[in-house]
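This is what each chain is made of:
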Amino acid sequence: MMNRIYLDHAATTPVSAQVLEAMIPFFSDCWGNASSVYGTGREARKAVEKARRQVAEAIGAEPREILFTGCGSESDNLAVKGTAFALKEKGRHIITTDIEHPAVLNTCRWLEKHGFEVSYITPDKEGYIAPEKILAAIREDTILISMMAANNEIGTIEPVAEVGAAAREKGICFHTDAVQAAGAVPINVNEWKADLLSISAHKFYGPKGAGALYVRHGTHIDSLIHGGEQERGLRAGTENVPGIVGLGTAIEAANKELKQNADKMTRLRERLINSILSEIPGTKLNGPREGRLPNNCNISFDKIDGEALLLRLDLAGIAASSGSACTAGSQEISHVLKAIGLTDQEAKGSLRLTTGTGNTEAEIDEAVTVIHEIVNDLRSLFRG
Ligand SMILES: *Cc1c(COP(=O)(O)O)cnc(C)c1O
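Calculation criteria
- Residues numbered from 1 in each chain as written.
- Predicted model: local features only at pLDDT ≥ 70, side-chain atom pairs only at ≥ 80, totals over all residues.
- Heavy atoms only, no water.
- Domains from an automatic or database assignment.
- Contact = heavy atoms within 4.5 Å.
- Buried area = accessible area lost by both parts, 1.4 Å probe.
- Salt bridge = Lys/Arg side-chain N within 4 Å of Asp/Glu carboxyl O.
- Polar contact = N/O pair within 3.5 Å; in protein donor to acceptor, adjacent residues only side chain to side chain.
- Pairing = 2+ DSSP bridges.
- Helix = DSSP H or I, 4+ residues; strand = E, 2+ residues; numbered from the N terminus.
- Axes fitted to C-alpha atoms, helices over the stretch in contact; angles between N-to-C directions.
- Buried < 20%, exposed > 50% of the residue type's maximum accessible area, 1.4 Å probe, protein only.
- Near = heavy atom within 4 Å.
- 1 Å grid on protein atoms, 1.4 Å probe; cavity = no way out; pocket = protein on both sides within 12 Å on 5 of 7 lines; lining within 4 Å.
- Sits in = over half its atoms within 2 Å of the grid points.

- The name given to the protein chain in an unreviewed UniProt entry is Cysteine desulfurase NifS, with the source organism recorded as Aristaeella hokkaidonensis.

What about the domain arrangement of the protein chain?
1) Next: Examined at the domain level, the protein chain breaks down into domain 1 (5-13 + 258-383) and domain 2 (17-256).
2) Next: Spacing between the C-alpha centres of domain 1 and domain 2 amounts to 28 Å.
3) Next: On the side of domain 2, 34 residues touch domain 1, which itself brings 25 residues to the contact.
4) Next: Taken together, both faces of the contact between domain 1 and domain 2 bury some 2300 Å²; the carbon and sulfur share is 55%.
5) Next: Where domain 1 touches domain 2, the interface holds zero salt bridges.
6) Next: Along the contact surface separating domain 1 from domain 2 lie 16 residue pairs in polar contact (both at pLDDT 80 or more).

Examining the sheet that holds strand β3 (residues 93-97)
1) Next: Strand order in the open sheet formed by seven strands is β2-β8-β7-β6-β5-β3-β4, and the pairing between neighbours is mixed. Strands at the two margins of the open sheet, each flanked by one partner only, are β2 (66-69) and β4 (117-121). Pairs of neighbouring strands in the sheet enclose a mean axial angle of 20°, with direction left out of account.
2) Next: Across the face of the sheet, helix α2 (residues 39-59) comes into contact with β2, β7 (196-200) and β8 (211-215) while running at roughly 115° to β2.

Considering the environment of Lys90
1) Next: Examined against the element boundaries, Lys90 turns out to sit in the loop between α3 (72-87) and β3.
2) Next: Judged by its relative accessible area of 56%, Lys90 falls in the exposed class.
3) Next: C-alpha separation for the pair Lys90 and Glu140, spaced 50 residues apart in sequence, amounts to 9.5 Å.
4) Next: Contact partners of Lys90, with chain neighbours within four places excluded, come to Ile143 and Gly171.

Some thoughts on the site of the ligand
1) Next: As a structural note, the neighbourhood of the ligand is formed by 13 residues, with Ser73, Asp177, Gln180, Ser200 and Lys203 the closest of them.
2) Next: Contacts to the ligand include His202, whose side-chain N or O atom sits 2.9 Å from an oxygen atom.
3) Next: More than half of the atoms belonging to the ligand lie within 2 Å of the grid points that define the largest pocket.
4) Next: The greatest single-element share of the shell around the ligand, amounting to three residues, is contributed by α3.

Have a look at this one:
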């Protein structure tokens, strides 16, 4: 079943027509191996290098500093483990936050089992990580600070430039997961003083299975996938040429349309937040009122089970996401909502709605009406 109204753009976005069109020739006519020396391979190589320039341009980097990966999760793994392995003789302490994506969080937990120590910094009630808290956690043996640029669940935009500057001053490598920030807020690796930065194409109207890691020139990381000499020997494997072309095209477009899209997303988000908070009683916004991603709305509903709300929304043709994921029958509470101090009940009753460029005001209004009806219905059942 296709959902009529899609409000889960933080999970993934559709591939834009422009991106699809750019990718197609690399499935059909130009299918050569980008590492081969003959004509069709050279065409593929040219396309990969063009995409590298497009990504570099969009984030203020040099093309040689861009590494293509298979997804945002791989970029995060390569950044965190790659640094840990490369610098383990220098130190074994890593600083990250409680609200990172599992791609960073679970990588850090895994490293803890392999001789590394990790400090997890707590956010405030709105998901904001105070730079002072990061600074206070720095030790002699700290080798890496990894803090996301913007949170995928509650949309909080983090003080990356301040943390980047502090890390630079102390000579500590700084990684930021910018997977949710890309296409939503301007990214500049020099203003942020980032040494490593992760992005993923499918979060900004590019294809799934195509990510990139920015690696500042002179930054040492170990490879996770050994084999051929692709990607300067840091990521072996025949290049995913269509995916890379899609990533390059998508990030260039996202950057060009950033202001316009962010303005539109902010209008839709405000309409969504204001309507829900004013029309539906027993609702509370999670994350900050300002300083949040333009397309993110996360609301807790009193006396509501988020999973039930999601299922009913799906039946009504609306796609969204909740603060708990039903895994093998047990409801796991979102670590982010927990970290900002929500009770289990509040976290379970949360709904994340993330808008995209294809959404309209009419869709927002309809979604609010439907949510209101379902919430009333579920609450009357709850009482009965
Ligand atoms: C989606 C997401 C990822 C993972 O990206 P994939 O390409 O799906 O592996 C990592 N970090 C954040 C913040 C995300 O939103």
